[in-house]
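Survey of secondary and tertiary structure
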Amino acid sequence: MKSYAILTISLLALSRMCMAQDIPVDVVAETPATPQPTAEHKQEVIEDKAAEATPATDTPQTELSPGEQRLQAGIVMLGNLYNLLSGIRDNESAEKAVAPLMRLSSELNLWAQGFTSLPPMTENEQVICEDRYLPIIRKINMSIKVQGERLASAEYYGSQNLPAALVRLAILNQ
């Protein structure tokens, strides 16, 4: 159960990390600009991270523990969140992202609540899951944080609905 708590907290930390409006805009502006990867590179990074989430063996999905299956589903949702945020480039795309963000927010909330109904993991399963998935979750969370900072520095491309959707995401997933 300790592992569930650690991993759930890590996943739910994304809401805090993607809420870049907590960072003053002038602080973000002072941060040295890092080269932005191309869209192709971003997709490769997310695909690589999703591939890392898959067990190295040819174990069918049905043989994974319910907790591990739930963790993999959470990683997929985090990848979807990253893809949504990274696709926002102007006011139109910001507005189009609001409805999918709201749906994803609800899915993440249900996903997190689903951990309570799972049987407890053995200590060995916890260690394996932490070793396998925690680094992946941290990488995706960092990528989400960068996107949140980018959107905040762009003042959400003038969208009033995008910051509201991100706040909802943060509140529901606390």
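This text follows the structure it describes.
We now turn to the structure provided with this report. (Residues numbered from 1 in each chain as written. Predicted model: local features only at pLDDT ≥ 70, side-chain atom pairs only at ≥ 80, totals over all residues. Heavy atoms only, no water.)

**Quick word on the overall build of the protein chain**
Test applied: Runs of H or I in DSSP of at least four residues are treated as helices and runs of E of at least two as strands, each being numbered from the N terminus. Buried means the residue's accessible area, taken with a 1.4 Å probe over protein chains only, is under 20% of the maximum for its type, while exposed means over 50%, and partly exposed covers the values in between. Note on areas: Shrake-Rupley with a 1.4 Å probe; residue coverage comes only from the protein chains shown.
The helix and strand tally for the protein chain stands at seven helices and zero strands. The N-to-C order of helical and strand elements in the protein chain reads α-α-α-α-α-α-α. Out of the 174 residues belonging to the protein chain, those deemed buried represent 43%. Approximately 9300 Å² of the protein chain is accessible, and the part contributed by carbon and sulfur atoms is 57%.

**Details of the pattern of salt bridges**
In plain terms, the rule: Salt bridge, as used here: a side-chain nitrogen of Lys or Arg that lies within 4 Å of a carboxyl oxygen of Asp or Glu.
In the structure shown here, the tally under the stated rule is three salt bridges. A salt bridge links Glu-68 to Arg-132, with the nearest nitrogen and oxygen atoms 2.4 Å apart. Taken together, the residues Glu-68 in helix α4 (residues 66-86) and Arg-132 in helix α6 (residues 123-153) connect sequence positions 64 residues apart. A relative accessible area of 30% places Arg-132 in the partly exposed class. For Glu-149, the salt bridge is made with Lys-145, and the minimal N-O distance between the two is 4.0 Å. Within this pair, Glu-149 and its partner Lys-145 are both found in helix α6, separated by four residues, close to a single helical turn.

**Quick look at the packing of aromatic side chains**
In this description, an aromatic ring pair is defined by two values, namely the gap between the centres and the angle between the planes. Formally: Whether two aromatic rings pair depends on their centres lying within 6.5 Å, for rings of Phe, Tyr and Trp, where Trp uses its six-membered ring; planes under 30 degrees apart make the pair stacked, over 60 edge-to-face, and the rest tilted.
Considering all chains together, one arrives at one aromatic pair under this definition. Here Trp-111 and Phe-115 contribute two aromatic rings whose centre-to-centre distance is 4.8 Å and whose plane-to-plane angle is 90°, an arrangement assigned as edge-to-face. Classification of Phe-115 as buried rests on a relative accessible area of 4%.

**Looking at the nonpolar core**
Put simply, the rule is: Among the buried residues, those of types Ala, Val, Leu, Ile, Met, Phe, Trp, Tyr and Cys that are joined through side-chain atoms within 4.5 Å form a nonpolar core. Here, two residues are considered to be in contact whenever any of their heavy atoms come within 4.5 Å of each other.
The biggest cluster of nonpolar side chains holds 32 residues, and the ones touching the most others in it are Leu-85 and Leu-162. At the level of secondary structure, the elements contributing two or more residues to this core comprise α4, α5 (91-113), α6 and α7 (161-172). Apart from residues no more than four positions distant in its own chain, Leu-162 is found in contact with Ile-88, Ala-94, Val-98, Leu-101, Leu-151 and Tyr-156.

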